[in-house]
Amino acid sequence: QVNGTFDWLPLAAMIEGKILAVHGGMGKYINTVDEIRAIQRPIPDPSADLLVNDILWSDPMHSDRDRGVVPNTVRSTSFLFGPDRVQDFCKANGLDLVIRAHQYVMDGYEYF
């Protein structure tokens with residue numbers, strides 16, 4: 001029953017209207033902040049919702065030179081996204097930055 005609590009939790013946070021914090025990132029299906037706001041709670045089956053899957057499980061590509069969005073074969077769910085995907089999302093939504101918390105990096109933070 002404890003896991004059911006996660007179905008009610010926020011999927012993202014907006015900071016000062018300019019920074020979006022998410023767990024995963026910008027996969028293939030998410031295009032606007034309003035799409036995140038419109039996700040109904042509780043989320044009955046997070047794995048069946050493409051937007052939720054994007055927010056929770058998408059990862060950046062391994063190289064900043066890689067572009068676009070490709071299937072995430074390591075996780076077998078969601079997508080890998082390039083820096084162009086983040087830049088386009090930020091521009092379309094009037095954001096300065098997207099923060100994600102899903103993976104460990106050596107220095108504690110990393111930029112595209």
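Up top is the structure.
Conventions we followed
Residues numbered from 1 in each chain as written. Predicted model: local features only at pLDDT ≥ 70, side-chain atom pairs only at ≥ 80, totals over all residues. Heavy atoms only, no water. Salt bridge = Lys/Arg side-chain N within 4 Å of Asp/Glu carboxyl O. Helix = DSSP H or I, 4+ residues; strand = E, 2+ residues; numbered from the N terminus. Buried < 20%, exposed > 50% of the residue type's maximum accessible area, 1.4 Å probe, protein only. Core = buried A, V, L, I, M, F, W, Y, C linked by side-chain atoms within 4.5 Å. Contact = heavy atoms within 4.5 Å. Pairing = 2+ DSSP bridges.

Chemist: An account of the pattern of salt bridges is requested, with residue identities and associated values reported.
Modeler: According to the stated counting rule, one finds two salt bridges in the structure shown. Asp-34 is the salt-bridge partner of Arg-37, the closest N and O atoms lying 2.7 Å from each other. With Arg-37 and Asp-34 both in helix H1 (residues 33–37) and three residues apart, the pair spans about one turn of that helix. On the accessibility criterion, Arg-37 (56% relative accessible area) is exposed. When the shortest N-O distance is used, the salt bridge between Arg-100 and Asp-59 registers 3.0 Å. Separated by 41 residues along the polypeptide, Arg-100 in strand S6 (residues 97–100) and Asp-59 in strand S3 (residues 59–60) bring together distant segments of the chain.

Chemist: Lay out the nonpolar core with the relevant residues and their values.
Modeler: Leu-11, Leu-20, Met-26, Ile-39, Ile-55, Phe-89 and Val-98 are the most contacted members of the largest nonpolar core, which has 19 residues in total. Elements with a minimum of two residues in this core: strand S2 (19–22), H1, helix H2 (50–57) and helix H3 (83–93). Of all the elements, H2 adds the most residues to this core, at four residues. The residues touching Val-98, leaving out its near neighbours within four places in the chain, are Leu-20, Val-22, Met-26, Val-86, Phe-89 and Cys-90.

Chemist: Got a sec to walk through the sheet that holds S3? Specific residues and values, please.
Modeler: The strand order across the open sheet formed by three strands is S3-S5-S4, and the pairing between neighbours is mixed. Of all the strands in the sheet, just S3 and strand S4 (69–71) have a single pairing partner and so form its edges. Across three bridges, S4 lies against strand S5 (residues 79–81) in antiparallel orientation. Counterpart to Val-69 in the pairing with S5 is Phe-81.

Chemist: Just give me the short version of unusual backbone geometry, but keep the residues and values in it.
Modeler: Put simply, Arg-41 and Pro-42 share a cis peptide bond, and its omega is -10°. Tracing the chain through its elements places Pro-42 in the loop between H1 and H2. Here Glu-16, not a glycine, exhibits a phi torsion of approximately 55°, which is positive. On the secondary structure map, Glu-16 appears in the loop between strand S1 (12–15) and S2.

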